[in-house]
Structure formats: structure tokens, C-alpha cells
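Observations on the model geometry
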4 protein chains.
Amino acid sequence: MAGSVYGTLFQIMTWGESHGKGIGVTVDGCPAGLPLTEDHIQRYLDRRRPGQGRFTTKRQEGDQVEILSGVFEGKTTGTPIAMEIRNQDQRSRDYSDIMDVYRPGHADYTFDQKFGFRDYRGGGRSSGRETAGRVAGGAVAARLLEAFGVRVQAYTRSIGEIQVAPERFQLEEMWKNSLYMPDQQAAKEAEAYLNEVMAEKDSAGGVIECVITGLPAGVGDPVFDKLDACLAKAILSIGGVKGFEIGEGFGAAALKGSQDNDGFCLGPEGRIRKTSNHAGGVLGGISDGAPVVFRAAIKPTPSISRVQKSVTRQGEECELEIKGRHDPVIVPRAVVVVETMAALTAADLLLRSSVSRLDRLQKIFDGKGKET
Amino acid sequence: MAGSVYGTLFQIMTWGESHGKGIGVTVDGCPAGLPLTEDHIQRYLDRRRPGQGRFTTKRQEGDQVEILSGVFEGKTTGTPIAMEIRNQDQRSRDYSDIMDVYRPGHADYTFDQKFGFRDYRGGGRSSGRETAGRVAGGAVAARLLEAFGVRVQAYTRSIGEIQVAPERFQLEEMWKNSLYMPDQQAAKEAEAYLNEVMAEKDSAGGVIECVITGLPAGVGDPVFDKLDACLAKAILSIGGVKGFEIGEGFGAAALKGSQDNDGFCLGPEGRIRKTSNHAGGVLGGISDGAPVVFRAAIKPTPSISRVQKSVTRQGEECELEIKGRHDPVIVPRAVVVVETMAALTAADLLLRSSVSRLDRLQKIFDGKGKET
Amino acid sequence: MAGSVYGTLFQIMTWGESHGKGIGVTVDGCPAGLPLTEDHIQRYLDRRRPGQGRFTTKRQEGDQVEILSGVFEGKTTGTPIAMEIRNQDQRSRDYSDIMDVYRPGHADYTFDQKFGFRDYRGGGRSSGRETAGRVAGGAVAARLLEAFGVRVQAYTRSIGEIQVAPERFQLEEMWKNSLYMPDQQAAKEAEAYLNEVMAEKDSAGGVIECVITGLPAGVGDPVFDKLDACLAKAILSIGGVKGFEIGEGFGAAALKGSQDNDGFCLGPEGRIRKTSNHAGGVLGGISDGAPVVFRAAIKPTPSISRVQKSVTRQGEECELEIKGRHDPVIVPRAVVVVETMAALTAADLLLRSSVSRLDRLQKIFDGKGKET
Amino acid sequence: MAGSVYGTLFQIMTWGESHGKGIGVTVDGCPAGLPLTEDHIQRYLDRRRPGQGRFTTKRQEGDQVEILSGVFEGKTTGTPIAMEIRNQDQRSRDYSDIMDVYRPGHADYTFDQKFGFRDYRGGGRSSGRETAGRVAGGAVAARLLEAFGVRVQAYTRSIGEIQVAPERFQLEEMWKNSLYMPDQQAAKEAEAYLNEVMAEKDSAGGVIECVITGLPAGVGDPVFDKLDACLAKAILSIGGVKGFEIGEGFGAAALKGSQDNDGFCLGPEGRIRKTSNHAGGVLGGISDGAPVVFRAAIKPTPSISRVQKSVTRQGEECELEIKGRHDPVIVPRAVVVVETMAALTAADLLLRSSVSRLDRLQKIFDGKGKET
């Protein structure tokens, strides 16, 4: 246990370094009988791939996934699904600049403190490339959620101080710009801002929003494994995320109870629903049937080409100028990472909620010691 | 596993309902040899206790903790430490108002969806009283951290829109007002605001800030179990928390890399340290030796005495007027809960970090198959 | 995590020392809606209680269980079920004989090595009294299994070299002798043997057999969490157990494949069943619908009143004569411990098997994002 | 979680089917700084490889392991070590005989019950080939144990009724016969017996013994995670194992306390040691410093070429004659699997024992909030 496993019933273990032989993930606990192909996974990986626009690095990774086990005749077998993405871009460049100097905002120093040394090539295990494994695993989770009518969708909510305007929000718009912003005008302004930032040899951050729809009420556990608590961990585990909020989030701190509470009423077919969704779909840590809405704050890319103050591994002060091209903003590529981490979390908790009631379990086992 | 266990090496399991026989916690995995008495625990519980000021409920719980196991001759034995707080205020009041009506902002509806029925007395397991178990367990964690020179301190940062002003911040001031605000003037303004809110039969939220000092660099795991990710889960698992941020948090999303990056330099004795702490003490999910600084957004108390729209368990629309006294703000009592959840998380990850390097382990075991 | 938690979905944590304030267990993950009272638990505890016959110690423990949480209006709520048995026999006797001398066959020496010191009163945490917590937790598991038509029954198969004869086996006979042997004649012979052993100031061991009936085919996981592997751990975790075997067990090692294989045929209603049960109800780690049959080897009680060679904590050789009365054989009291550990294991794996197939899960969730 | 993860601090996840693309394992939690190459792994895999003698199948698997991550400049980095063995023998033979007919003694029927369908090619996930992943992972554990002076060695103790005679036991002899028996004469007799069994179109079982030396006292947890309980699970999780015993094992059930107890005395340098080792190196679930000695009972290979009674997947009775060559005994190839599962267990519990005492932990962290 060094924190490379995520989930309890629907569980993944990831591996791989930026410039090692590849990146991979193994999914354990996916129920048997789910139709799954490499295409389902590849579609998610393609959204994470660099080299797609002006604001992402040019490295041509390809990122072709191969399913190695756990799928037979087009369906999951219930046994582990191993997936692998071989690195194609292992050319040995010169790492002397980062081998011995601790890059500000990166994990170089803390890896050395924790492990005594590190694979410094391209950031090694702390590279953003590590997320390819999560995305592949999360794509399976998303596929499983579909079978229950649950959908997870993330998008860019802001870049720097440029925000999507609620009145211009059009979800499908996100597919038409390389920033995944569901607001045409905001996307244009953000692109202009990023050009400016790049000219300054600087970088930008932003906020990603994610919505889970179709999740039945009753998912999430009451105390430590609250749905929102698990989502918070999932999202903060993504490199560069500095904050998480659900529903009104930090804004709720300044509201009054009468403003923040969601009333209950009867909807179509007499079903109970809420009159608003300030809570973001979670009450007491358990899904309430309304869409689950949360946001993640992403810090500006730490790799900037300006001269920065640092020290060497050997303990001497120095100046560092990071060479090569880097994404001036990681937000667009992180959108699918947020989405798949949310899918992993929702799938896991959905499976867990299947055992919370005796009456539900008796639908599966007939009480005579034999499966019906 | 229904989410009542927290931690991996330093682990707690809590139990108990608001108006059942009591609340309890068992700690497993506390190293042997730590001096521990009921007084150490009681001091933390007393900070969570209601009835301490004008803005907390008058219920006189007492909350006397009893250690039942795992301590012998004043020291932990390495075996489970069971602790129990018997409920003294079980008088059977009339719960007919909340037995059948779903209170807005509470977990009544979601518990019924998840479990089919619920212990409705005083909120049952979803009551804030559940946190007494966490606080008792977290007090042991805090005690353990002390043995390594690590201290965790939380305080109120804002109530409604009234914030502690950085220039007036005085930590010791927090002990002089019932809101635990480290700013005398802000505390007075917040008290006035709360009086106003109470007069309106309404409630308020706020923000809690927490600082962990003395944590060595190298704590936290690189991928899913990042220190900040684990803290986020710990904090969001507290009822009423709607957001978590570390370091610059959501503010980082609007900064540029050159503003957000912390440079490195050499400090006294040639030790490497950072020139600033925008990151909040964590790089790549691993502690960097600087103070860990994070914030939690707390929603306004959902129990308000205004008339609210709701539905009954039987599926009829109705109006609800919650009787009895409730805290107009839970922030002050949540301060120690945030602090102890952070202590549990830091203690667990500190223990885990002891096995990350072969050279460290060889300090414990001498390589000859015999303990030195 | 110091090994005081057992199970994954149906999970218990136990605590307590022999001569501390009490013994307890908390059950997390029991599905909501199961009828449960203290009587259900007490019946199991009474079978473990000492002072019931000539071959068990006279300590009058009483062992009255109190349910502290998780049950409301006679049914489990899905939240943790805490149970406690206060020690009534805490009279402070003189422990000077075992405080400093390592008793052969006991955990005194290994506890000191592991933890640096120990609660030596009555063996502390390593006392057989620790099993009271398991039995109380396992009683809940047995109650849950009943709701699915699954029954677990253990009994004494041998004491010393005196075995139950297959041709005289009568299950109900076990309730008529204090050794829980389902063979009247063997019980008499065993009693005579035990009298002899006691006269020699010595002790005896034996074998316990356990049968699980009604378990549906498909329970247990294929690789590491095989049903038989999990049972083996459960049973070996009981103090004094030195061996575990399932079906033909060690006897299978000397059989040929043609003797050991169970053929398949069609039973009533065209259901597939096996023509024999050499496998003991498990194929590839997964239940096959036949009774699960396993055995546990129990070592002779290590506490004997003969003079034994030992050393002191201070490192001096010495002779030890253990005073007081001890069970000359722990097998009869261990029967219910084996039974409840098996129940915990079967309940946990049964719950886990509910998520192995997509088609089963869709019986619970209707795929439209709403529970049916 | 479908049981494909083993261990807590030193953790592996395995994947792969007999005739899929390959077999693999990822190790998480191996401390950083351990020298490791593919050669270290390959040596263990070679011992499991088929085609080595008259009594193993002729399939030429090769089983070349590739390390994909977690090792840099010849040392483990503390991040996941992914290893993969591509299947080279995927030729599509005709599986019609086992596609629809349940083979006696195999997991065909139970997989179908659990998962609804299965990858029937060569047994799929339930094939003995699955153990290649464990062996690769366990090879890393064995390498880690070496760094602490701990060695694990398994060998064949009996085939059918032919046992290694204690007076002829020579450990190095095991490397000189294809049955891994440390007794030249027993090996010859066993070979003759196996020839006879093969002529009868039948198969044989046996017993494997394993010894762990150099393990310091204090490893293993007192209650559920006893060293012997964890070993029992590890060993029973290997396909075909039907029994586990430690020390005197089932024999202990017939001994008296005075025969079974190990006295204590002082050894060289005044160190405490036992006068005998009936316990097999474990007292109260915790290692006592003596060699840990346990045995595993292996059933006869279920694949025999005799005609057997069975039923089809479609529910019709039939006769089955399994074609092709199969190992008449799996014991020799299982020796290294037992050894590596024991290594995984010992490594995990050794790491866990490093956090059981405050004084040990303070050797790592200096109590001033900074690592020494």
C-alpha cells in the first residue's frame, strides 16, 4: 500500500512513469457481463492526449490502449481488466537541468525526501502522464454507470479569471473549442488570455465543474465514506488540484440557512424531489436523487520558462530556467481526468450501496440457499 | 464496510446515535508506549461540547469519556483503545414532527432511501453528535503526533461574511471568545451578526482554517493517497462541510504560475526550505516541510425555526416548523472536529511514511533477522 | 490497522483485555432491516461461557451483552452495531507469577517483543476471553445468514485421539454433553480421557468440524479471496488453532484424482449437483452449492500445572508452576468460536458476491437512475 | 475488490488468463532503494515453468518477465512495480470439449454460477497459470526479505503416500530431482509411483513444507491478522491446496500440553530462545524468533484422462474424457508458489510490524518534526 490503489468494490491499481516503458491500470471488481472494447477506453484517452491544440504540449504520444485480460467475447468476465499504454516517446533527452535541481511547484524535492531518490525523467511517477492510467480505468467505470443510466460530464468553468457565464452556458459548445468551455465567448476570451500568458513565459490555472446525473438516491455512506468526501479525495488526488467544493461550496459559508436549504416537494408520478439544489445532490453524504454538482480548482502549470530561484539536490542555491514546451494551462486536459475520477467514485459507491438493505439483497438471493 | 472505519495504519471505527445509549470509537493501530489518560481525550471533547455559549445548544451532555481497553499503567499497549461516551440526555421527547417529515438540509430523506427506515430520534446516526467519536479518536492521534513534534491547530476564519483580518490575527485570541476566532474585533462583529440571524429565526455558516506544523517532509503518497487528498476526504466527511481548499486553494485558479510557485532556498543549518508557501505545505501530494494550511467551508445550520416546505415520508406535501433550540451556527463546535480529523489523517500518513524507504526500515531491523 | 478488524463488507472490530473493563465488538456493514435482539447474541455467548462443566474454568463471567447502537425498533439500521460485555471478574489477584515469567505456549514473550511491554493480567489481549467479541459479532452474521437460508454448525470431532465415529454420528447428541460431541460413546470416552489428563496435571487438544449448509453456488472470489482461503484465515486467527483443512483436506494429498474428483449429475428439478463432496463444497475457491465442510486442529491448553522451564523478562532462567484452575481442554468452548468465525466469513463473502454480475445488480437498480 | 489484491503494506494485484494475452502483477508498497533486476524475478519464474521434467506439461511457455515500471537505475523507486509475462502459446486449439462440459474438480461450474459465463480457454483465470503473477510478485518480496536476513524455502514433503524421511532429509538434494524432494530415495520412489499413476490415466497429490528463517520475533498481529492466519490464507488461496498446518499442526490435537509446549531458555549471548519448536515459530500469532514451519496439502490434479461423469452447461448429463497432456501431479510446480506466497505474507507483516512501537518509530523520526 503506497497509495496506488483506488476504490473498494470497483478498484483500480495504476502504474507507470512518464518516460518509462509505459503506463497502465488494472481494474478489479467490475461486474461480469458488461460490453466493453478498446474503443470505449480509447475515446476517453484521446481527450487527455497532448498535441491537440495550441495550448497543449506537442508530444505525440498516441496513447493506444491495449486490453490484456478480463474481457472475453466482448464482455467483462468479472476478473481483472489489465490495460496498458506503451510509451512511444522515450527518446533520451538531456535531463541534466532537472536531475539535480528542484523545480518549484513540482514534486521533485518531496519525492527525494520520501524515497531517497527519484526517476527524474519527465517527472517520473509525478508526471501528469500518470493520469492516463486513471482515465483508462475510469472509462470502464463510466461504461458501467451507463448500464444504470448514470452519466458523468465535466467541463472547464473558468481559465484565470475568465468564467463561463450562466446565461451563455451551452453544454455542447464545449466540444467546439480546445479549452472544453461550454460558452463560446468565454472560450475566445480565455484563448486571448492564454496567448498573453504564454508571451509572458507564464502559465494559468482555472476551475473545472462536473455534473453526475441519474445517480439514484441512497448512494454514499453516512460517516467517513460520504459521497462528497469520496469525491473530494478523488479530485484532490489529481496533480495540481488545490480545492474542491460541492453545491454552493465556499459560497454556502456566507449564506443563511433559509437561503441554502433545499425544500422538498412532489414531482411527476408523485416522486419526492427537491425544490432547489444548493446542496449539489448530496444530503448527509448520501445522494438525494438530484444532479451531483462539484468544482475543482486547478493551479497554474508550475513549469514556466521564466528564471526561478531554486536549490540543487546537493544543497546549493541556483537559478532554474525550464526548457522545452509545456502546457500553459492544464485545465483542458484535466477535464477528462476529473470526469473519470468522478466516474470511478460513483461506480464504486453505487456497487457498495447494493448491500445496504436486506430487502434489496433478497431480490438477488431467494433465501432458500439457492440463487433464483 | 459501511464507511464507519477511517484510516489504514492508524485506524478508528466509530458508532452511536444521537439519542441511543451512547457514542463510541475504537482506535486500532496506535503504537505501543504512548502515555495516554482520559484527561487527554476529555480536553478535546470539552471543546466540542454544547452549552458553552450563547450560540450553542443548551443540551447538557457532559460527554464524559471512559477508556475501556488498550491502555495499561498509563501507556498504550498497541491493542485497540475503546472509548465510550454514554448519552445522558435520552429523555424521550416528542419526535412526531421529524419522524415523518423530511427536514430540509438534513439526511432524513437520504437515510430512508438508503436504509429503508431510520432512527429518527435527534437525527440518529446523522446527528452532529456522531462527531464525538471522531474527536475522541482524533485526540489520541493528536497525542501521538506530539511525540513527533507535530501540532495541529484549527480556528474559525469567518462567520457569514465576517472574516478574520490577517493584520489582526492573534492565535491566542481564539481561546477568549466562544466562536474560536483569532481576532477580537471579528469575533465581536460575528457575535452581532449571529444575534441578528437568530432574531430572524435563521442560521449562519462560516469557514474554518487549520494549520499543521512540524510535519516532516515526505509524508503522503504520490498518487491516490496524496496528503491533501486524504485531508480533503477527512474534512468533507464532517457533516455540513461543503468545500475544502489547501494553500491558495480556489484563489490559485486565478493566479499565474510565477505568482503561485514557491521558490526554494537554503535556511538555517543549510536546510532546504521554500521562499513562500502558496502550496500550503504539499507538493505532489507529499508534505514539503512547510506548515500545511487548509480551509473548510461550513454551510449554515439546516435546522431553522422558520416555516419550510417539505413532504412526509408517506408522500404528502406539508409545511415544517422545527421546534426546540438549535445552534444558529455550527462553526465554533466544528473547529475541534476539523482539528481532530486532520490529526487522524496526519498520524496515519506519518506512520505509513515510515515504510517508504529501505534505509529507514533498516534503522529498525538490523538485517540479521533479529531486532537490535 | 493492527489486525483488529475482520471482514470487508460485513466487518467487525473487536477490543478488550481479559482483566480490563470489558470486551466489545462493533459490526459495520450489516444490511438494514434485519430483526435483531440481545437474545440472539446472548445465546451464542452462553455457549462460549466458562463454568459450564467439569472441563471448563469456574470463573463466573456472566458475559451479559449490551447492544449500544445500530438497532432501532428491533431491526438493524445499517449503521454500526456496537456491543459490549463488561468484565465482572476483575478482582485483583496476584499476577507476580506471570508478570515477569514467560509462560510456555503463551504469547507473553512475543507480546513483549512486539510491543515492548504488555498487560499481563490474565493474558490481557491474548487471553481466550478476547473471542467473546468475535462470538458476539459472529452471532449477528449468523442471524443475517439465516435470512438467506444459510446455516453454520460446528461440533467437536475429536479430543486427544478419541474421535467421533461416522457410524455413530448424531448431530443433536452434541447438545447433550459438555464436550459438544455428536457421538454419545465418544463423548464418554473423551470425558474419561480428560479426567486422566487432569490427574496428570496435563491438558489435551482436539479437532473441531464445521458445516455450512444452504450457501448458494458462486460465493468466494477466484484468486486471493477464495472462500476456503478466507475460512482458513478466520479459523487460524483463533488462539490455539494449528491447522485447517477442507473436504478431504490432508487426506487428499494421498488420494488419486479419480478418487478425489466429484462428478456432476442432475438432481431434483434438473438442478446441477455433485455426485460426492470430496472437495468440501468449494471448487476453485468458489462455493459449489454442496455443504462446506472443514476442520480445525486445536492444540492442548498451554496452561498446565506441571513445573515447566522458562526464563524471566529480565533474562534469567527459572522454573514456572502455573497456579489456579484452567480448562484442561479448550475445544468445547472453541466450538462456537469456530462457528461464528465461519459465519462472519460466509456473510461477508455472500454480500460480496452480490456485485459479481451485472444482471444481478440490475435487479436492484432499474437502469433509469432511480431505484425501482 | 474481487479478490485480486493481496497484502496491505506490501501489496500485489495480479491479472491474466491462461490463453489470453498474458499474465501480470503490479507490486505497490515495496520500499524504495531495493536493488532489483528482471533476473531476480526470472529465477523464481523458471522454477514454476512447465516442460521441465517428465511430470510436468510440455507447453513451452518461456515465461519471460518484463519489468515495466518502478525500477530506476537498478533500484526500486517506491512506486508501483508492474511486471508482465506475455503468453506465447495462444494457438487456438479446439476447446469444444470443455466449453460446454463442467470438468470435475475444476472451477468451470462455479465460475459460471458466479459470473454468468467464463473464458473457458485453458481454464481462463482459474488456470494454474494464474500463479505466474504471484510468483513474480513474491520474488520481489523474497528480495526484500533478504535485505533483512530473512529466507523462505519450500520443498516437497510427500507425493501420494511417499514421504521424505526425517533421517534422510538433505535440503540441497531438492535441487537434484524434478520433484524438489530433499531426500534422494523418496524422490526415486515418488517417481516410480507417478509413472504408475500415469499409466492408470490418473493423478497424484502431495504435501509441501515451507520454512522461514531469520524472521525477527514480533512479526504478526495479535487478533485477526496473526502470522499463521495470514499464511493460512495465502497458502489456501493457491489452487488445489486443501489444508494448512503450522508446527505440529493436526498432530498437536492428539498431544498433551506437556508434550506440545516449548520451554524457554537462554541461548548464546544471553538471548532468549525456545528449547523446542512444536509451535512452528509462532506464539499467539506473533513470530517468536524460531523458524516458521508450515505444510500445505495439495490435492491430485483434477485433469485426468479417464472417463468421468459430468453435465453440460445446458443441463444434460454426459461423459467427459479430457484430452491432451496434463501434469500428473502439480506439487513440484507448486513448491515455488507456496514459497513466494509465504514471502509476500512475511514481507507485508514485517513492514507492518515496524509501526507497532513508539520507540522504534522514533528511531526514524527524531521528534522535532524533521527527519534526521
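Quantities reported herein were computed from a predicted structural model and do not represent experimental measurements.

Moving on: the overall build of chain A. If you tally the helices and strands in chain A, you get nine helices and 18 strands. A compact globule built from 372 residues would reach a C-alpha radius of gyration of about 21 Å, and chain A, at 22 Å, matches this within 12%. Across its three principal axes, chain A shows a C-alpha extent of roughly 70 × 50 × 40 Å. Sequence-distant contacts in chain A: of pairs separated by 6 or more residues, those separated by 24 or more amount to 67%. For chain A, the exposed area adds up to about 11,500 Å²; of that, 47% sits on carbon and sulfur atoms. One way to put it: in chain A the 47 positive side-chain charges average out to a point 2 Å from where the 49 negative ones average out.

Here we take up the interface of chain A and chain C. Contact with chain A, which involves 34 residues of that partner, is made by 34 residues of chain C. Together chain A and chain C conceal approximately 3,300 Å² of surface at their shared face, both sides included; 64% is due to carbon and sulfur atoms. In terms of surface lost to chain C, no three residues of chain A exceed Phe-148, Leu-358 and Phe-365 of chain A, which account for 20% of the buried area on that side. Scanning the region where chain A abuts chain C turns up zero salt bridges. Every element with two or more residues in the side of chain A that touches chain C is listed here: helix H8 (331–353) and helix H9 (358–364) of chain A.

Take the packing of helix H6 (residues 227–236) of chain C against helix H6 (residues 227–236) of chain D next. Contact pair H6 of chain C / H6 of chain D: the axes reach a minimum separation of 7 Å and the direction vectors enclose 165°. Between H6 of chain C and H6 of chain D, the crossing angle belongs to the class labelled roughly antiparallel. Seen along the crossing, H6 of chain C lies across H6 of chain D with a hand that is right-handed. Along its contact with H6 of chain C, which presents Asp-228, Ala-229, Cys-230, Ala-232, Lys-233 and Leu-236 of chain C, the element H6 of chain D presents Asp-228, Ala-229, Cys-230, Ala-232, Lys-233 and Leu-236 of chain D. Among the residues making up the contact of H6 of chain C with H6 of chain D, the classes are represented as eight nonpolar, no polar and four charged.

Residues and elements named next belong to chain A. UniProt tags Arg-125, Ser-126, Ser-127, Gly-284, Lys-299, Pro-300, Thr-301, Pro-302, Ser-303 and Arg-325 as "binding site: FMN" (unreviewed entry). The greatest C-alpha distance among the annotated residues, which extend across 201 residues, is 45.1 Å, indicating that they are dispersed rather than converging on a single site. In this structure, Ser-303 sits in the loop between strand E16 (292–298) and strand E17 (307–311). When near neighbours in sequence (up to four residues on either side) are disregarded, Ser-303 contacts Arg-103, His-106, Ile-322 and His-326. Tracing the sequence through the fold places Arg-325 in the loop between strand E18 (317–321) and H8. Residue Arg-325 is classed as exposed on the basis of its relative accessible area of 52%.

Applying the stated rule across the entire model yields 116 salt bridges over all chains. Close ionic contact of Arg-86 of chain D with Glu-66 of chain A constitutes a salt bridge, the shortest N to O distance being 3.1 Å. Here Arg-86 of chain D, found in strand E7 (residues 81–86), pairs with Glu-66 of chain A, found in strand E4 (residues 65–67), and the two come from separate chains. Salt bridges here are not isolated pairs; linked through shared partners, they connect Lys-21, Glu-66, Glu-84 and Arg-86 of chain A together with Lys-21, Glu-66, Glu-84 and Arg-86 of chain D.

On to the relation of the copies chain B and chain A, then. Taken as rigid bodies, chain B and chain A are interconverted by a rotation of 180° and an axial shift of 0.0 Å, the fit giving an RMSD of 0.0 Å. Expressed as a symmetry operation, the mapping of one chain copy onto the other fits a two-fold axis. A symmetric contact is evident, with 100% of the interface residues of chain B recurring at the interface of chain A.

Our focus in this paragraph is helix H5 (residues 184–199) of chain B. All names here are of chain B. Taking 1.5 Å of rise per residue, 16 residues should cover 22 Å, and H5 covers 23 Å from first to last C-alpha, within 8% of that figure. In the core, the buried residues of H5 are packed alongside strand E8 (151–159) and strand E9 (162–163). Where H5 begins, the capping side chain belongs to Asp-183, and its oxygen is found 3.0 Å from the backbone nitrogen of Gln-185. Phi turns positive, to about 55°, at Lys-201, one or two residues after H5.

Quick look at the UniProt feature "binding site: NADP(+)" (unreviewed entry) in chain A now. Residue and element names in this part refer to chain A. On the UniProt side, "binding site: NADP(+)" (unreviewed entry) is annotated at positions that read Arg-48 and Arg-54 here. Within the element layout of this structure, Arg-48 appears in helix H1 (residues 38–48). Within polar-contact distance, the side chain of Arg-48 engages the backbone oxygen of Gly-128 at 3.4 Å.

Residues and elements named next belong to chain A. For chain A, the mean per-residue pLDDT works out to 93, and 94% of the residues sit at or above 70. Contacts from residues 367–372, a stretch scored under 50 in pLDDT, to residues over four places away or in other chains number 21 contacts. Scored as a complex, the prediction yields pTM 0.97 and ipTM 0.96.

Rotating chain A by 180° about the axis while translating it 0.0 Å along that axis superimposes it on chain C, leaving an RMSD of 0.0 Å. Here 100% of the interface residues in chain A have copies in chain C that are interface residues too; the copies meet face to matching face.

What follows deals with the sheet that holds strand E1 (residues 5–6) of chain C. Residues and elements named next belong to chain C. Taking strand neighbours across the sheet as the criterion, the five strands line up as E1-E2-E3-E7-E4 in an open arrangement whose pairing is antiparallel. The sheet is open, and its two borders are formed by E1 and strand E4 (65–67), each paired with just one other strand. Helix H1 (residues 38–48) contacts E4 and strand E7 (81–86) of the sheet and is inclined by roughly 150° relative to E4. Here helix H4 (residues 131–146) sits on the sheet and contacts strand E2 (11–16), strand E3 (22–28) and E7; the angle it forms with E3, its principal contact strand, is near 30°.

Attention now moves to the interface of chain B and chain A. Opposite the 111 residues of chain B that make contact, chain A presents 111 residues. A buried area of about 8,500 Å², summed over both sides, lies between chain B and chain A, and 63% of it is on carbon and sulfur atoms. Among the salt bridges present, the one from Lys-233 of chain B reaches Asp-225 of chain A, with a minimum N-O distance of 2.8 Å. Along the contact surface separating chain B from chain A lie 43 residue pairs in polar contact (both at pLDDT 80 or more). Top contributing element to the side of chain B that touches chain A by residue count: helix H3 (residues 108–115) of chain B, with seven residues. Of the residues belonging to the side of chain B that touches chain A, the class tally is 49 nonpolar, 32 polar and 30 charged.

Right, let's get into the pairing of strand E16 (residues 292–298) of chain D. All names here are of chain D. Extensive coverage of E16 is indicated by the burial of seven of its seven residues. In E16, alternate side chains face the same way, and those of Val-292, Phe-294, Ala-296 and Ile-298 on one face and Val-293, Arg-295 and Ala-297 on the other are all buried. Sheet topology places strand E10 (residues 206–213) next to E16; seven bridges connect them, and they run antiparallel. Across the sheet, residue Ile-212 finds its bridge partner in E16, namely Val-292. Note that strand E11 (residues 241–246) and E16 share five bridges and pair antiparallel. Directly across from Ile-246, in E16, lies its bridge partner Phe-294.

On to the state of the cysteines. What makes a disulfide is a covalent bond joining the sulfur atoms belonging to two cysteines. Scanning all chains against the criterion turns up zero disulfides over all chains. Free cysteine: Cys-30 of chain A, not disulfide-bonded; nearest cysteine sulfur from Cys-230 of chain A at 19 Å. Under the relative-accessibility criterion, Cys-30 of chain A is labelled buried at 3%. The thiol of Cys-265 of chain A is not disulfide-bonded; the next cysteine sulfur, from Cys-318 of chain B, is found 11 Å away.

Thresholds applied
- Residues numbered from 1 in each chain as written.
- Chains lettered and ligands numbered in written order.
- Predicted model: local features only at pLDDT ≥ 70, side-chain atom pairs only at ≥ 80, totals over all residues.
- Heavy atoms only, no water.
- Helix = DSSP H or I, 4+ residues; strand = E, 2+ residues; numbered from the N terminus.
- Rg over C-alpha atoms; globule rule 2.2 N^0.38 Å.
- Contact = heavy atoms within 4.5 Å.
- Areas by Shrake-Rupley, 256 points an atom, 1.4 Å probe, with all protein chains shown as cover.
- Lys, Arg positive; Asp, Glu negative; His and termini not counted.
- Charge placed at Lys NZ, Arg CZ, Asp CG, Glu CD.
- Buried area = accessible area lost by both parts, 1.4 Å probe.
- Salt bridge = Lys/Arg side-chain N within 4 Å of Asp/Glu carboxyl O.
- Axes fitted to C-alpha atoms, helices over the stretch in contact; angles between N-to-C directions.
- Parallel < 35°, antiparallel > 145°, perpendicular 65-115°, else oblique.
- Left-handed = near helix turned anticlockwise from the far one by under 90°.
- Nonpolar A, V, L, I, M, F, W, Y, C, P; charged D, E, K, R; others polar.
- UniProt positions renumbered as here; feature names shortened; annotations may be inferred.
- Buried < 20%, exposed > 50% of the residue type's maximum accessible area, 1.4 Å probe, protein only.
- Least-squares fit on C-alpha atoms with pLDDT ≥ 70 in both.
- Expected span 1.5 Å × (residues − 1).
- Polar contact = N/O pair within 3.5 Å; in protein donor to acceptor, adjacent residues only side chain to side chain.
- pLDDT = per-residue confidence, 0-100.
- Pairing = 2+ DSSP bridges.
- Disulfide = S-S within 2.5 Å.

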